[in-house]
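Examining the three-dimensional arrangement
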Amino acid sequence: MSAQGSLDYEYFKAKVQPIFLNKRPGHARCISCHGSGTPLRLQALDAGASTWTEEESRKNFQVIQRVAFAGNARSRLLLHPLEESAGGDFFHSGGKHWTSQNDPEWQTLRNWVMGQTK
């Protein structure tokens, strides 16, 4: 895979992964559902932990690559939690976390998927 066709792990760890822990008004944190009980399963946080270990982060990176494809703006990571009226897909059982593609968190995800990590 070329550098252009790959996802940046360090950017994922520093910028993308924290989004999964953020609390948004009216929504559960991503980790609340994706830590157990869903096919897209992130590593559960240890009791009292505020982030993942290096090993857990690498596992999360592998899992997220099932829904984030380098250079593909139609990746499910981008479309599933985005409001349909903003270009998202039809359904996300955890709700639509972003109402606009201008949302800073959504932009961070898009930048990562599209390789704009510098």
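This text follows the structure it describes.
Model, not experiment: these values are computed from the prediction. Position numbers for residues count from 1 along each chain, tracking the sequence in the order it is written. Local features in this predicted model are restricted to residues whose pLDDT is 70 or higher, and side-chain atom pairs enter the listing and the counts only when it is 80 or higher, whereas totals over whole chains, interfaces and linings include all residues. The side-chain numbers reported here are obtained from all heavy atoms of the structure, hydrogens and water having been left aside.

This brings us to the overall build of the protein chain. The helix and strand labels rest on DSSP assignments: H or I over at least four residues marks a helix, E over at least two residues marks a strand, and numbering proceeds from the N terminus. A count of helices and strands for the protein chain gives 5 helices and 0 strands. Listing the helices and strands of the protein chain from first to last along the sequence gives α-α-α-α-α. Based on the C-alpha atoms only, the size of the protein chain along its principal axes is roughly 35 × 35 × 25 Å. Among the 118 residues that make up the protein chain, the fraction classed as buried is 40%. In this analysis, two residues are considered to be in contact whenever any of their non-hydrogen atoms come within 4.5 Å of each other. Sequence separation of at least 24 residues holds for 49% of the intrachain contacts in the protein chain that already meet a minimum separation of 6. Per-residue and other accessible areas follow the Shrake-Rupley method at a 1.4 Å probe size, with only the shown protein chains counted as cover for residues. Summed over all atoms, the accessible surface of the protein chain reaches about 6800 Å², with 52% contributed by carbon and sulfur. The classification of residues rests on relative accessible area computed with a 1.4 Å probe and restricted to protein chains. Under 20% of the type maximum is buried, over 50% is exposed, and intermediate values are partly exposed.

A few words on helix H1 (residues 9–16). Within H1, burial applies to Tyr9, Tyr11, Phe12 and Val16. An end-on view of H1 places all buried positions within 160° of arc, on one side of the element. Residues of H1 that are buried sit in contact with helix H3 (54–64) and helix H5 (104–113). The opening residue of H1, the one whose side-chain oxygen lies 2.9 Å from the backbone nitrogen of Glu10, is Asp8. Relevant arc is that of directions from the helix axis to the C-beta atoms, nothing else. Here a polar contact means two N or O atoms within 3.5 Å. Within protein one must be a hydrogen donor candidate and the other an acceptor candidate, and residues neighboring in sequence count only if both atoms are side-chain atoms.

With respect to the element layout, His34 can be found in helix H2 (residues 30–34). His34 gets classed as buried once you look at its relative accessible area, which sits at 18%. Spatially, the C-alpha atoms of His34 and His92 are 12 Å apart, while their sequence positions differ by 58 residues. Not counting residues within four places of it along the chain, the set of residues in contact with His34 comprises Leu40, Arg41, Leu42 and His92.

Here is the rule: rings of Phe, Tyr and Trp (six-membered ring for Trp) pair when centre to centre is within 6.5 Å. Planes less than 30 degrees apart are stacked, more than 60 are edge-to-face, and the remainder are tilted. One pass over the full model with this rule turns up 5 aromatic pairs. Seen from their ring centres, Tyr9 and Phe61 are 5.3 Å apart, and the 80° between their planes marks the pair as edge-to-face. Here Tyr9 is found in helix H1, whereas its partner Phe61 is found in helix H3, with 52 residues between them in sequence. As far as the burial class goes, Tyr9 and Phe61 line up, both buried.

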